[in-house]
Each structure stands twice: as structure tokens, then as C-alpha cells.
Amino acid sequence: PGVDINSTFLDNEFAVLSGTSMAAPHVAGAIAIIIEEYEKKYGIPLREHDIYRLLRNNTDLIKADEKNNINVLSLK
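Residues numbered from 1 in each chain as written. Predicted model: local features only at pLDDT ≥ 70, side-chain atom pairs only at ≥ 80, totals over all residues. Heavy atoms only, no water.

Draft legend 1. Representation of the nonpolar core in the model. In this structure, I34, L46, I51, L54 and L55 together form the largest nonpolar core, which totals five residues. A per-element tally of this core places helix α2 (residues 48-58) first, with three residues. Apart from the residues lying within four places of it in its own chain, the contact partners of L54 are I34, Y38 and L46. (Core = buried A, V, L, I, M, F, W, Y, C linked by side-chain atoms within 4.5 Å. Buried < 20%, exposed > 50% of the residue type's maximum accessible area, 1.4 Å probe, protein only. Helix = DSSP H or I, 4+ residues; strand = E, 2+ residues; numbered from the N terminus. Contact = heavy atoms within 4.5 Å.)

Draft legend 2. View of α2. All of the buried residues in α2 are D50, I51, L54 and L55. Along the axis of α2, the buried residues cluster in a sector spanning 135°; they form a single face. Opposite its buried face, α2 presents the exposed residues E48 and Y52, each directed more than 90 degrees away. On its buried side, α2 packs onto α1 (20-42). (Arc of directions from axis to C-beta.)

Draft legend 3. Looking closely at unusual backbone geometry. Even without being glycine, D4 reaches a positive phi, approximately 55°. Within the fold, D4 resides in the segment before β1 (5-9).

Draft legend 4. Here's a closer look at α1. Taking 1.5 Å per residue, 23 residues should reach 33 Å; α1 reaches 32 Å between its end C-alpha atoms and fits that length. For α1, the set of buried residues is M22, A23 and I34. Considering only its buried residues, α1 is in contact with β1, β2 (13-17) and α2. (Expected span 1.5 Å × (residues − 1).)

Draft legend 5. Summary view of the pairing of β2. Of the strand pairs in this sheet, β1 and β2 are connected by five bridges, and their pairing is antiparallel. The residue of β2 that forms the bridge with T8 is F14. Hairpin connection from β1 to β2: three residues lie between these consecutive antiparallel strands, with D11 at a positive phi of about 55°. (Pairing = 2+ DSSP bridges.)

What follows is the structure, given as C-alpha cells:
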């Protein structure tokens with residue numbers, strides 16, 4: 001999720017950027033959605049190992065090749 005992301009930039013500009021700084025907000029957003037949904041569903045706060053398990057069970061590992069083609073890798 002961190003390739004060719006439209007982002008804010010210096011001097012009130014926008015830029016297309018890639019890298020972990022662009023991927024981290026996507027992952028943080030996914031985690032926030034998972035936490036909100038599951039805490040609402042079960043009525044208890046999630047612990048770190050719960051969040052990790054939910055991420056592993058509900059997401060796929062992706063990897064981009066040198067041409068930015070996305071490949072989904074199975075975690076199971």
C-alpha cells in the first residue's frame with residue numbers, strides 16, 4: 001500500500017510518494033478499523049496479541065516486484 005501515494009508536500013503542494021512512510025498510515029488505518037469493529041462486536045478492549053492475530057487472519061501479504069506489479073502471498 002505504500003507505492004505511488006498522493007500525499008501532501010512542502011509549501012502547500014502535493015506529491016506522489018512511495019515507501020514505508022506512505023505504507024505506515026494505511027496499516028495504522030487498517031488496525032484502527034479492526035480495533036473499532038471487534039471491540040464493538042465483543043464489548044471488550046483488544047490486547048496486542050489479539051490485534052496481531054486478527055491482522056494475520058484477515059489480511060494478505062503483498063509484495064511489489066521491480067515493475068511495481070503487486071503479488072499477493074499467502075500467509076497460511
